[in-house]
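Listed below, chain by chain, are the residues.
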Amino acid sequence: MSDVELVLRSANVVTPDGTHPASVLVADGRIVAVAPYGTPVPEGARVEDFGDDVLLPGLVDTHVHVNDPGRTAWEGFASATRAAAAGGVTTLVDMPLNSVPPTTTVRALEAKRAVARRSAHVDIGFWGGAVPGNVAELRPLHDAGVLGFKAFLLPSGVDEFPHLAPDQLETALREIAGFGGLLIVHAEDPQLIDGAPPPVGPRYADFLASRPRAAENEAIAGLIALARGLDARIHVLHLSSADALPLIAAARREGVRVTVETCPHFLTLTAEEVPDGATEFKCCPPIREAANQDALWVGLAAGEIDCVVSDHSPCTADLKVDDFGRAWGGISSLQLGLAAVWTAARRRGHTLHDVARWMSTGPAALVGLDRKGAIEAGRDADFAVLAPDESFTVDPTALHHRNQVTAYAGRTLYGVVRSTWLRGRKIADHGAPTEPTGRLLERPSRP
């Protein structure tokens, strides 16, 4: 232990084995031991004692739209990663859209990495995109280190990232399965969406009717059938319909390799409370009714949902017009996800050990980042220090997101992030990020 540089102590350290008093010993940016609280400090090591504040593994957010380069008026790597650090997130994975160009070629990936490298406050991985006509690019992107590939089954909202028709989806998934990759899918059935009443005007009820649960359920059933036939690995993005959980659970019992995520807004916001015209609440699939939310929590508690990630999808304020048919769909929550989920989880009897499993361990496992996601020896020394019983009222002007528009404005949330640590270095202190020290991550090579 002579090389230990830092010892972090707390009466409440969240580890895979539970939450208990401990000292976490750090050397060269990695955890070398999780020892009893009173373990003697190695000579020369610096000690940080957090008292009763909770030491959590740094969050891993695998669903973030950074939009950089090309749409940086919406968000950028500097602003997004500052927000992440302030909110206890130490690793994020950037979606292949809405940047221009999208991450559908190696050349576009390298352009994105060049921008991110200069301004990353947290570690960053990248998704590639599966779009019509880029099947030949999928293996090169995989070899270049992307963590998987995203596809849409219906229009994405941006012209440069078109959706896959059924035959194109099968071709792409066959190719991805051939090299052991992961396909992540925005799963809504386009025919059912087209057959629903179109959203026009400010009434949230009309928007909700335009994205029925059946569209998610049908799309997920089709994906499962395709994955079963190809022995492929798929991941369902931003699940909002709890009706689909039995389908997914049954498929897993059959051996189909399917995982699923949900998002803080589906667990904390309900359709009944969305005011008409409040398009800061618009997202696709949509925020649904309270009874559906209750069922999502049941699935989360039962382990049927693998992880909770933000789907941070920001835009400029002028795109949030008060017509749900025309407004941009996306909720900004990167800095607020931990507090939002903890506020709802504590009310339902869950613990921070649960939250760490949903928001750190689960997402890290999804993308194979085995040095992230837990406080145990061998992992990166990535932490969030949380005061779980302290509350704050969300002030959009205090957020580090480039555009301070959020559905959480004015809400009182529990869980104040005191500090955030990346590889043993403090990267945010009481909401104020330090200098950028994040690294770019690639898909871990497997033997």
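Only a predicted model underlies this, so the values are computations on that prediction, with no experimental measurement involved. (Residues numbered from 1 in each chain as written. Predicted model: local features only at pLDDT ≥ 70, side-chain atom pairs only at ≥ 80, totals over all residues. Heavy atoms only, no water.)

**Focus: the sheet that holds strand E9 (residues 128–129)**
As a reminder, the rule being used: DSSP-based pairing: two strands are paired if at least 2 bridges between them are found. Numbering of helices and strands starts at the N terminus; helices are DSSP runs of H or I of at least 4 residues and strands are runs of E of at least 2.
Strand order in the open sheet formed by six strands is E9-E10-E11-E12-E13-E14, with parallel pairing between adjacent strands. Sheet topology places E9 and strand E14 (307–308) at the edges, where each strand pairs with a single neighbour. In the sheet, strand E12 (residues 233–236) pairs with strand E13 (residues 257–262) via four bridges, with the strands oriented parallel. Paired with Val236 across the strands is Val260, a residue of E13.

**Looking at the nonpolar core**
We count it as follows: Remark: nonpolar core denotes a set of buried residues (Ala, Val, Leu, Ile, Met, Phe, Trp, Tyr, Cys) joined through side-chain atoms within 4.5 Å. Working definition: with a 1.4 Å probe on protein chains only, accessible area under 20% of the residue-type maximum means buried, over 50% means exposed, and in between means partly exposed.
Formed by 101 residues in total, the largest nonpolar core has its most connected members in Leu56, Phe149, Leu183, Val355 and Trp358. Judged by nonpolar contacts, the second largest core, of 14 residues, contains Leu8, Ile375, Ala381 and Trp421.

**A closer look at the packing of aromatic side chains**
Operational definition: Only Phe, Tyr and Trp rings are paired, with Trp represented by its six-membered ring, and only when their centres lie within 6.5 Å; those with planes under 30 degrees apart are stacked, over 60 edge-to-face, the remainder tilted. By definition, being over a ring means that NZ of Lys or CZ of Arg is both within 6 Å of the ring centre and within 35 degrees of the ring normal.
With the rule as written, the count across this model stands at nine aromatic pairs. Members of the aromatic cluster, connected to one another through ring pairs, are Tyr204, Phe207 and Phe324. Here Arg346 stacks its cationic end above the ring of Tyr414, 4.2 Å away from the centre of that ring.

**Focus: the pattern of salt bridges**
Applied cut-off: Definition used for salt bridges: Asp or Glu carboxyl oxygen within 4 Å of a side-chain nitrogen of Lys or Arg.
Counted according to the given criterion, the structure contains 28 salt bridges. Here Arg357 and Asp354 are joined by a salt bridge, their closest N and O atoms 3.2 Å apart. Of this pair, Arg357 and Asp354 both sit in helix H12 (residues 352–366), three residues apart, roughly one helical turn. Connected through salt bridges with shared partners, the residues Asp123, Arg371, Lys372, Asp380, Asp382 and Arg423 form a single ionic network.

**Considering the packing of helix H7 (residues 213–230) against helix H8 (residues 245–253)**
To keep things clear, this is the line we draw: Axis geometry follows a simple rule: fit a line to the C-alpha atoms, using only the stretch in contact for helices, then measure angles between N-to-C directions, giving values from 0 to 180 degrees. Between 65 and 115 degrees an angle is taken as roughly perpendicular, under 35 as roughly parallel, over 145 as roughly antiparallel, and anywhere else as oblique. Contact definition: two residues touch when any of their heavy atoms are within 4.5 Å. Under the scheme applied, nonpolar residues are Ala, Val, Leu, Ile, Met, Phe, Trp, Tyr, Cys and Pro; charged residues are Asp, Glu, Lys and Arg; polar residues are all the others, including Gly.
Their axes nearest at 10 Å, the elements H7 and H8 cross at an angle of 10 degrees. Here H7 is positioned roughly parallel relative to H8, judged by the angle of their axes. Only Leu247, Ile248 and Ala251 of H8 make contact with H7, whose side of the interface consists of Asn217, Ile220, Ala221 and Ile224. Grouping the constituent residues of the contact of H7 with H8 by class yields six nonpolar, one polar and no charged.

**Here we look at the packing of helix H11 (residues 337–347) against H12**
To keep it simple, the criterion reads: In this scheme the crossing of two helices becomes right-handed for a clockwise turn of the near helix relative to the far one and left-handed for an anticlockwise turn of less than a right angle.
Remark: H11 packs on H12, axes separated minimally by 10 Å, with the N-to-C direction vectors making an angle of 135 degrees. Classified by the angle their axes make, H11 and H12 are oblique. You can see that H11 and H12 cross each other, and the crossing is right-handed. Between H11 and H12, the residues in contact are Gly337, Leu338, Val341, Trp342 and Ala345 and Leu352, Val355, Trp358 and Met359, respectively. Across the contact of H11 with H12, the residue classes tally to eight nonpolar, one polar and no charged.

**Some remarks on the environment of Glu261**
Stated precisely, the cut-off is as follows: Under this definition, polar contacts are N or O atom pairs within 3.5 Å; protein pairs additionally need one hydrogen-donor-capable and one acceptor-capable atom, and for neighbouring residues in sequence, both atoms have to be side-chain atoms.
Structurally, the position occupied by Glu261 is in strand E13. For the pair Glu261 and Thr361, spaced 100 residues apart in the sequence, the C-alpha separation amounts to 13 Å. Once residues within four sequence positions are removed from consideration, Glu261 is found in contact with Thr62, His63, His235, Val236, Leu237, His238, Leu239, Ile305, Cys307 and Val309. Here the side chain of Glu261 touches His63 through a polar contact of 2.7 Å, side chain to side chain. A distance of 2.8 Å separates a polar atom in the side chain of Glu261 from a polar atom in the side chain of His235.

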